[in-house]
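Given next are the chains, with one letter for each unit.
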Amino acid sequence: MTTPTAPAAAPFWNRQRPSGMPSNRYRDAHARVDLPLTEREWPTKRLTQAPLWVPVDLRDGNQALAEPMDPERKRRFFERMVAMGYTEIEVGYPSASQTDFDFVRLIAETDIAPDDVTIVVFTAARRDLIERTVASIAGISNPVVIHMYTATAPMWRDAVLGHSRESLKELILAGGRDMLELAGHLPNVRFQFSPEVFNLTEPDYVLDVCDAMTELWDARPERPVILNLPATVEIATPNIYADQIEYMHKRLARRDGVILSVHPHNDRGTGIACAELAVLAGAQRVEGCIFGNGERTGNVDIATLALNLHAQGIDPQIDFSDIDEIRRTVEYCNRIEVHPRHPYVGDLVHTAFSGTHQDAIKKGFAEHRSRAAAAGLPESDIEWRVPYLPIDPADIGRSYDAVIRVNSQSGKGGIAYLLESEYGIELPRRLQIDLARRVQQHTDASGEEVTAAAIWEIFTEAYLGRAAGARPSGSAEPAPIALAAFASSEAGGKPSTSLTLSVSGEAVSSEHEGVGPVEALTAALTACGVAIEVLELHQSSVGAGNASEAITLIEYRTQRGDAWAAGRDRSTLAATLAAVVAAANRASANRGSAGTVS
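Residues numbered from 1 in each chain as written. Predicted model: local features only at pLDDT ≥ 70, side-chain atom pairs only at ≥ 80, totals over all residues. Heavy atoms only, no water.

*Asks:* Give a description of the overall build of the protein that names residues and reports values.
*Replies:* Across its full length, the protein holds 20 helices and 14 strands. Taking all 598 residues of the protein together, 50% fall into the buried category. Across the protein, every contact between residues at least 6 apart in sequence was considered, and the portion connecting residues at least 24 apart equals 67%. Roughly 28,000 Å² of accessible area belongs to the protein as shown, and the carbon and sulfur atoms make up 50% of that amount. Averaging the locations of the 57 positively and 79 negatively charged side chains of the protein gives two centres separated by 3 Å. (Helix = DSSP H or I, 4+ residues; strand = E, 2+ residues; numbered from the N terminus. Buried < 20%, exposed > 50% of the residue type's maximum accessible area, 1.4 Å probe, protein only. Contact = heavy atoms within 4.5 Å. Areas by Shrake-Rupley, 256 points an atom, 1.4 Å probe, with all protein chains shown as cover. Lys, Arg positive; Asp, Glu negative; His and termini not counted. Charge placed at Lys NZ, Arg CZ, Asp CG, Glu CD.)

*Asks:* So what's going on with the sheet that holds strand β4 (residues 144–151)? Residues and values would help.
*Replies:* A sheet is described by the order of its strands in space; here 8 strands give the open sequence β1-β8-β7-β6-β5-β4-β3-β2, paired in parallel fashion. Each edge of the sheet is formed by a strand with only one pairing partner; in this case those strands are β1 (52–55) and β2 (88–92). For this sheet, the mean angle separating the axes of adjacent strands, direction not counted, is 25°. Direction of pairing for β1 relative to strand β8 (residues 285–288): parallel, over a ladder of 4 bridges. Within the sheet, the bridge partner assigned to Leu52 lies in β8 and is Arg285. Along the sheet face, helix α4 (residues 98–109) touches β2 and β3 (118–124) and points at about 135° away from the line of β2. Each of β4 and β5 (189–196) is contacted by helix α7 (residues 165–183), which is oriented at about 165° to β4, the strand it contacts most. (Pairing = 2+ DSSP bridges. Axes fitted to C-alpha atoms, helices over the stretch in contact; angles between N-to-C directions.)

*Asks:* Quick one: what's the story with the UniProt feature "binding site: Mg(2+)" (unreviewed entry) in the protein, residue by residue and with numbers?
*Replies:* Following the UniProt record, the feature "binding site: Mg(2+)" (unreviewed entry) maps to Asp60, His263, His265 and Asn299 here. These annotated residues cover 240 residues of sequence, but their C-alpha atoms sit close together, with the largest distance between any two at 10.9 Å. Relative to the assigned elements, Asp60 resides in helix α2 (residues 57–61). Take Asp60: its relative accessible area is 3%, and that puts it in the buried class. Residues in contact with Asp60, not counting those within four places in the same chain, are Glu90, His263, His265 and Asn299. Structurally, the position occupied by Asn299 is in the loop between β8 and α11 (302–311). (UniProt positions renumbered as here; feature names shortened; annotations may be inferred.)

*Asks:* Got a sec to walk through the packing of helix α8 (residues 203–216) against helix α9 (residues 238–251)? Specific residues and values, please.
*Replies:* Packing of α8 against α9 leaves a shortest axis separation of 11 Å and a crossing angle of 45°. The pairing of α8 with α9 is recorded here as oblique in orientation. Pair α8 / α9 crosses with right-handed handedness. Where α8 approaches α9, its residues Pro203, Asp204, Val206, Leu207, Cys210 and Asp211 are matched on the opposing element by Tyr247, Met248 and Arg251. (Parallel < 35°, antiparallel > 145°, perpendicular 65-115°, else oblique. Left-handed = near helix turned anticlockwise from the far one by under 90°.)

*Asks:* Can you explain the layout of surface pockets? Please cite residues and give values.
*Replies:* The space that makes up the second largest pocket amounts to roughly 550 Å³. Forming the walls of the second largest pocket are 21 residues, and the residues nearest its centre are Arg327, Arg328, Glu331, Glu536 and His538. When residues of the lining of the second largest pocket are traced back to their parent elements, those giving at least two are α3 (71–84), α12 (323–334), α17 (429–446) and β12 (533–542). Grouping the constituent residues of the lining of the second largest pocket by class yields 6 nonpolar, 1 polar and 14 charged. (1 Å grid on protein atoms, 1.4 Å probe; cavity = no way out; pocket = protein on both sides within 12 Å on 5 of 7 lines; lining within 4 Å. Points joined across faces, edges and corners; volume = space filled by probe spheres on them. Nonpolar A, V, L, I, M, F, W, Y, C, P; charged D, E, K, R; others polar.)

*Asks:* Describe the packing of aromatic side chains, listing the residues and the values that go with them.
*Replies:* Going through the model one piece at a time under the given rule, you end up with 10 aromatic pairs. Ring centres of Tyr93 and Phe122 lie 5.0 Å apart, and the angle between their planes is 85°; this geometry places the pair in the edge-to-face category. Highlighted residues: Tyr93 in the loop between β2 and α4 and Phe122 in strand β3, separated in sequence by 29 residues. With respect to class, Tyr93 is no different from Phe122; both count as buried. Aromatic pair Phe122 and Tyr149: ring centres 4.6 Å apart, planes at 10°, arrangement stacked. Placement of Phe122 in strand β3 and of Tyr149 in strand β4 is noted, with a sequence separation of 27 residues between them. A relative accessible area of 6% places Phe122 in the buried class. Grouping aromatic residues by their ring pairs yields a cluster made of Tyr423, Trp456, Phe459 and Tyr463. Note that Arg59 overlies the ring of Phe122, its terminal NZ or CZ placed 3.6 Å from the centroid. A cation sits over an aromatic face here: Arg157 above Tyr205, 5.0 Å from the ring centre. (Phe/Tyr/Trp six-rings, centres within 6.5 Å; stacked < 30°, edge-to-face > 60°. Lys NZ or Arg CZ within 6 Å of the ring centre and 35° of its normal.)

*Asks:* Which residues make up unusual backbone geometry, and what values do they have?
*Replies:* Peptide bonds are trans in most cases, and residues, glycine excluded, mostly fall at negative phi. Unlike most non-glycine residues, Arg296 shows phi in positive territory, near 60°. On the secondary structure map, Arg296 appears in the loop between β8 and α11. Judged by relative accessible area, which is 48%, Arg296 ranks as partly exposed. Located in the positive-phi region is Gln317, a residue other than glycine, with phi close to 65°. As for its placement among the helices and strands, Gln317 is situated in the loop between α11 and α12. The exposure class assigned to Gln317 is exposed, which follows from its relative accessible area of 55%.

Written out as structure tokens, the structure reads:
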């Protein structure tokens, strides 16, 4: 083990002491891999366009989940990625999983993949696995990339694979020959090779192997080969990865027949920087996961990468204009919540709790509106330069409510904490924001400290009110909607629901086959002219023990926007249906008013 260089004497103002941690056990990147590049061009380059984004959520991200995606989740995720504009998607590892094999066959046998979407399948360099992979793509008319990988770094060669440099190169070439034999004749198929753990592999060796593969596969501009160079385990500062990519970019044979791709991981927390610097260094294609899910600390986050370009005035070529719908899909499919501080998509990223920040943002909004009026242009068309907000939240489908609100949760006693501690209700984050706005209006009007009982009263009026179908006292509004009768059954695995609504005092009955109770109720409401789309559903309870009641919180969408409603009952199903009825009453009452449903 090398002895680390003694640190330079610290200046008098730095009083930090040795930590006592065994840092001497580790070697830096320069001691672990040769880094021969000395003349760098990438520091002078600028990002000017988006690379080809390739989401690997369905393969690399999926294998990092405690509960891998079932077929329904894989399909939903795939269709969301297609809707966002991805034109190359890695869909699975068909030789390693029957679920993955079946999903590739689903693509082959249905029209879920538009003609312009390239399907990527993943395999190790072993003939039987390559055969299985080729069998999975039979009949696919879309462009297909077969992605073969082998780890090449010294530790992997010695301790994992048991190969010398020469024997491992021959193993890789044998896999390449198998791919040529089994799929080289297919006109819609191209090949990809990944020297796994590229960033810890000797540069001369990985260059030799990659050049041998492009020679074998006859890489040329009209049928390019993808060389994917992963930072499989991040071990160095991002500039080193950029040096490694530029070394390959400048020295690869058949460079005009190569698509240079990168696949950074995030072990050091710098995966984003690695990808951005790699593009400066010559990379043309970036693999990652939409919100960075992946093994250990994750794959690189391609949503953040894309929106970083957007914030610099560069079209990311992927549509993030409904970021919350994308987040809902990813959370559902991965069964992992997105952190509230996650760049761009987190629930709190556009919220300022500091009074000085809030003041700057409010003044920035005022200047923005004034500048738009002076130019005679819509506010969405002029340059964005509001303090503390790198992009306009409206670009990704967010409102300004969470940006300019006062921090009622911390300033007024912790709304969410009080409701949970006093009533046992756990509120989703976005409902906390909506409720905080209402509590703030109450406290501004009364000037009094808000109590748990007062918060519960505001909550009840805002979200539970009108769920039971009672006409407000002295109101001239039409009689509310009520669920008068309901019955559900199942025969042969097929659900059946019958229900009767009271709408403006008239009974409206309907029968619904093949859908559950919530879908049946929303369909009946739509038929009555009140269209409700349930976006999310959260279950909680009020009270404890035998006296507790179920409470259902739903986020729903109408033509006027997104809003929340709640229902309460001893039965969870009845509480859910009551929440949908409450939403319908709110939507019906607001159809004639301006602005978003609230």
